[in-house]
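Results of the structural survey
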Amino acid sequence: MMKDEDKPSSRRLGRAGAFVAGVILLVIVLVFVGRNVWHAEELKHEEQTGEKERNGLN
């Protein structure tokens, strides 16, 4: 077992938790923004060519 003096302080644990939550939030935001950019490019391509790209079971 860890001794009490070896355990990180509550302030340090809080900062680590906030850092992990921030990284997860950043990944979610980047995926959302990236998907929107990709979708905007697809729409622009469809407007220029007039044909819809097929994907999946369509």
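Structure: see above.
Procedures and definitions
Residues numbered from 1 in each chain as written. Predicted model: local features only at pLDDT ≥ 70, side-chain atom pairs only at ≥ 80, totals over all residues. Heavy atoms only, no water. Helix = DSSP H or I, 4+ residues; strand = E, 2+ residues; numbered from the N terminus. Buried < 20%, exposed > 50% of the residue type's maximum accessible area, 1.4 Å probe, protein only. Areas by Shrake-Rupley, 256 points an atom, 1.4 Å probe, with all protein chains shown as cover. Patch = residues over 30% accessible without salt bridge, like charges linked within 9 Å, V, L, I, M, F, W, Y side chains within 5 Å. Salt bridge = Lys/Arg side-chain N within 4 Å of Asp/Glu carboxyl O. Expected span 1.5 Å × (residues − 1).

A count of helical and extended segments in the protein gives one helix and zero strands. Expressed as a percentage of its 58 residues, the buried residues of the protein come to 2%. Here the protein has roughly 6000 Å² of accessible surface; of this, 60% comes from carbon and sulfur atoms.

It is worth spelling out a nonpolar patch on the surface at this point. Taken together, F19, V20, V23, I24, V27, I28 and V31 make up a surface patch of nonpolar side chains, about 670 Å² in accessible area. Relative to the helices and strands, V20 resides in helix α1 (residues 10-49).

Taking 1.5 Å of rise per residue, 40 residues should cover 58 Å, and α1 covers 58 Å from first to last C-alpha, within 8% of that figure. Residue G50 follows α1 closely and has a positive phi angle near 80°.

This next bit is on the environment of T49. Examined against the element boundaries, T49 turns out to sit in helix α1. Exposure remark for T49: the relative accessible area of 41% places this residue in the partly exposed category.

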